[in-house]
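Given next are the chains, with one letter for each unit.
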Amino acid sequence: MNEIICPNCKKAFKIDEAGFADILKQVRDHQFEEELVTRLALAEKEKEGAVKLAEANVRNSMQNELAAKEKELTELRAKNELELAQKLSQKEAELLQLKARIDNSEVEKRLAITEATQKIERERDELANAIVLKDAEKQVLEKSLVEKYAAELKEKDAIIKHKDEEIALRKDMKLKLSTKMVGETLEQHCETEFNKLRATAFQRAYFEKDNDSRSGSKGDFIYRENDEGGNEIISIMFEMKNEGDGTASKKKNEDFLRELDKDRIEKKCEYAVLVSLLEADSEYYNSGIVDVSHKFPKMYVVRPQFFIPIITLLRNAAMNSMQYKSELALVRNQNIDITNFEEKINKFKEGFAKNYFSASSHFQKAIEEIDKSIARMQKVKEELASSENQLRLANQKADDLTIKKLTHGNPTMKAKFDELKNPE
């Protein structure tokens, strides 16, 4: 369940994942439509402005070229006309001279006139041809200028068409891609880039989806690599974050760092890397590999193009430190062996001391018991000695006991003994 806070009444209410996704989709679709209309209008204005600018540039350039050519042609014509006038004036003078000679010789006059006329006509024709050539050059230049600026207009049209296609592509992506698919697209891109190099550069590496969500959350991918002895070289927890153009509430990279650090610790990974397309206009995140370990240990934020380089950099650094880790492990094992030996010696001492004190205690008790036994035996000895004396006295008394003494003063017993001695 997600908790939503009403922006008007500031009250919080809960909504399930389906309802939340539906509200989020409505907001994103509305935002995307507004932004799409704005971008289409802006692109149309840019297109019209580019066309008008290109047309104005073509017209200005053509007008400048035509003005220059007109000026050049005018100057040429003026020059040619001046030269022609000078030559005609000169020829007229020559003709006057020839006419003056007519009186001398009619034949010479006709020949001179014919030659002069032919020469002048030839020069006139040459000047006319020069003018025709200049006109032809002007037409060729005009044609080349038209073709040049037509090509530029065509290139501008191609750029405008590309923009139109990009806008159409974004509209199509909006229709086809759901929020989940936007994220999966980045994940698939990174997985594809890794698989391209898996067989050659990452033969011992493990790179798979993180499907363990028993702790309540999970990352996107886990990268692990061990050496030939099974010792871990490096491990990285990856999280991929993308965002569509129509997303209403823009997320920031910092919104996902704490959860990524939690996943790294729970999955026992050494490093954490966020591959992100969020904050697309941020110069900070667009600069390359961004180290955010000042906020969370051993964590980096990269763009998708730095996905493979960050693995390579961290992996190479880990490989270089493996020798030192091995030496440190060897020293640590030696210290552990010495510590274990000392612990065994101490345990032996403690056990020996405990056994010694226990044996000493039992020995002392045994001595005390022996002393007590000796005392009891001595007492028994004394009792036995006393009993022997009593027996001796009893024996003496028994030896002194006779029938005579027994029957003394007892006539009945005496009569009985007498009967036993003298039977009938």
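Residues numbered from 1 in each chain as written. Predicted model: local features only at pLDDT ≥ 70, side-chain atom pairs only at ≥ 80, totals over all residues. Heavy atoms only, no water.

Draft legend 1. Broad picture of the overall build of the protein chain. If you tally the helices and strands in the protein chain, you get 8 helices and 8 strands. When the 424 residues of the protein chain are sorted by exposure, 21% land in the buried category. The long-range fraction of contacts in the protein chain, counting pairs at least 24 apart against all pairs at least 6 apart in sequence, stands at 59%. When the accessible surface of the protein chain is summed, it comes to about 30900 Å², and 55% of that surface belongs to carbon and sulfur atoms. (Helix = DSSP H or I, 4+ residues; strand = E, 2+ residues; numbered from the N terminus. Buried < 20%, exposed > 50% of the residue type's maximum accessible area, 1.4 Å probe, protein only. Contact = heavy atoms within 4.5 Å. Areas by Shrake-Rupley, 256 points an atom, 1.4 Å probe, with all protein chains shown as cover.)

Draft legend 2. Spotlight on the sheet that holds strand S5 (residues 232-241). Ordered in space as S3-S4-S5-S6-S8-S7, the 6 strands form an open sheet in which the pairing is mixed. In this open sheet, the two strands that pair with only one neighbour each are strand S3 (205-209) and strand S7 (290-291). Note: strand S4 (residues 221-226) against S5, 6 bridges, orientation antiparallel. Bridge assignment links isoleucine 222 to a residue of S5, and that residue is methionine 237. The strands that helix H4 (residues 257-266) touches are S5, strand S6 (271-276) and strand S8 (299-302); relative to S6, the one it contacts most, it runs at about 140°. (Pairing = 2+ DSSP bridges. Axes fitted to C-alpha atoms, helices over the stretch in contact; angles between N-to-C directions.)

Draft legend 3. Quick look at the pattern of salt bridges. A complete count under the given rule lists 10 salt bridges for this structure. Glutamate 187 is the salt-bridge partner of lysine 209, the closest N and O atoms lying 2.7 Å from each other. Highlighted residues: lysine 209 in strand S3 and glutamate 187 in helix H3 (residues 179-201), separated in sequence by 22 residues. Classification of lysine 209 as partly exposed rests on a relative accessible area of 32%. Between lysine 267 and aspartate 210 there is a salt bridge, with its nearest N and O atoms 2.7 Å apart. Placement of the pair is lysine 267 in the loop between H4 and S6 and aspartate 210 in the loop between S3 and S4, with a sequence separation of 57 residues. Like aspartate 210, lysine 267 is buried. (Salt bridge = Lys/Arg side-chain N within 4 Å of Asp/Glu carboxyl O.)

Draft legend 4. How the structure looks around H4. Those residues of H4 not exposed but buried are Leu257, Leu260, Asp261, Asp263 and Arg264. Buried residues of H4 fall within an arc of 160° about the axis and therefore sit on the same side. Of the exposed residues in H4, the ones pointing more than 90 degrees away from its buried face are Arg258 and Ile265. Against S5, S6 and S8 lie the buried residues of H4. Looking at the residues trailing H4, positive phi occurs at lysine 268, about 55°. (Arc of directions from axis to C-beta.)

Draft legend 5. Focus on the confidence of the model for the protein chain. Summary statistics for the protein chain give a mean pLDDT of 77 and a share of 72% for residues scoring 70 or more. Counted against residues more than four places away or in other chains, residues 173-183, with its pLDDT under 50, gives 11 contacts. (pLDDT = per-residue confidence, 0-100.)

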